Amino acid sequence: MRIIAGKAKGRKLRAVAGSMVRPTSDRVKESLFNILAPHLSGMRVLDLFAGTGNLGLESLSRDAAFCHFVDQSGKSLQCVRENLRDLGFEAQAHCSKGNALSFLKKYRGEPFQLLFMDPPYGDAKAWGDLLRAAASSSVISPAGWLVAEHPGNLELPDIEGWTRLDRRDYGTTSITRLGYQPVHLMNPELPKEEP
């Protein structure tokens, strides 16, 4: 596992020892960041289910302004902190220990323009809960993107507020990019007619 491009290009990342963390492969990451790279400069990024911090760290290397890493594993967050320290990105990041769904429901800070979501591979219901929570909170700004890594045999559910922009398949792994448009902007109230 390494940083592919940017300020920290070629630097190796620490892995979470003896864990079930499933890092995004370099091949998938390179393809994904070929799409994201032109837009990353100055972005605020949220890396949910951070694991080693692979995706958020790549974003920081490519000039994202800030990344918030969330994971419920203390071991994973320790690994993220060590990677941040090794790469010199500590001042541009924050780490939170906790459940991703709870984080989305409770978040009240400055919104993010890019959200990475790579939960343990599971069913569509879990995805529906996560996508609804992200859409109904203040976590992502209008016109922000969500990048979901999921099993190739899983079709993400349609959730109001999210528009499917594209999907790419890499063997048994798929990446779906969703665009966010708040429901109140998708369905603005019609102006009332004058009596």
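Structure: see above.
The structure reproduced in this document is the subject of the present report.

Rules behind the numbers
Residues numbered from 1 in each chain as written. Predicted model: local features only at pLDDT ≥ 70, side-chain atom pairs only at ≥ 80, totals over all residues. Heavy atoms only, no water. Buried < 20%, exposed > 50% of the residue type's maximum accessible area, 1.4 Å probe, protein only. Helix = DSSP H or I, 4+ residues; strand = E, 2+ residues; numbered from the N terminus. Pairing = 2+ DSSP bridges. Axes fitted to C-alpha atoms, helices over the stretch in contact; angles between N-to-C directions. Contact = heavy atoms within 4.5 Å. Polar contact = N/O pair within 3.5 Å; in protein donor to acceptor, adjacent residues only side chain to side chain. Salt bridge = Lys/Arg side-chain N within 4 Å of Asp/Glu carboxyl O.

Let us now look at the pairing of strand β2 (residues 66–71). Here β2 lies mainly inside the structure; six of its six residues are buried. Here β2 shows a buried face lined by Phe-66, His-68 and Val-70 and a second buried face lined by Cys-67, Phe-69 and Asp-71. Looking at chain direction, strand β1 (residues 44–48) and β2 are connected through four bridges and run parallel. In the strand pairing of β2, Arg-44 is matched with Phe-66.

For the rest of this paragraph, the subject is the sheet that holds strand β3 (residues 93–97). Taking strand neighbours across the sheet as the criterion, the seven strands line up as β3-β2-β1-β4-β5-β7-β6 in an open arrangement whose pairing is mixed. Of all strands in the sheet, those with a lone pairing partner are β3 and β6 (162–170), marking the two edges. Ignoring which end each strand starts from, the neighbouring axes of this sheet average 15° apart. Of the pairings in the sheet, the one linking strand β4 (residues 112–117) to strand β5 (residues 140–151) comprises five bridges and is parallel in character. Bridge pairing in β5 links Phe-112 to Ile-140. Most of the contacts of helix α1 (residues 26–36) go to β6, to which it runs at about 140°, and overall it touches β4, β5, β6 and β7 (173–180). Relative to β3, helix α3 (residues 74–87) is tilted by about 170°, and along the sheet it contacts β2 and β3.

As for its position among the elements, Ser-61 is in helix α2 (residues 54–61). From its side chain, Ser-61 meets the backbone nitrogen of Ala-8 in a polar contact 2.9 Å long. Excluding residues that lie within four positions of it along the chain, Ser-61 makes contacts with Ile-3, Ala-5, Gly-6, Lys-7, Ala-8, Lys-9 and Phe-89.

Below, the discussion takes up the pattern of salt bridges. With the rule as written, the count across this model stands at 13 salt bridges. Taking the shortest distance from any N to any O, the salt bridge between Asp-129 and Arg-132 comes out at 3.3 Å. In this pair, Asp-129 and Arg-132 both sit in helix α5 (residues 124–136), three residues apart, roughly one turn of the helix. We classify Arg-132 as partly exposed; its relative accessible area is 43%. The shortest N-O distance in the salt bridge between Arg-164 and Asp-158 comes to 2.7 Å. Taking relative accessible area as the criterion, Arg-164 reaches 31% and is therefore assigned partly exposed. Each of Glu-155, Asp-158, Arg-164, Arg-167 and Asp-169 takes part in one network of salt bridges that share partners.

That is the geometry; function is a separate question.
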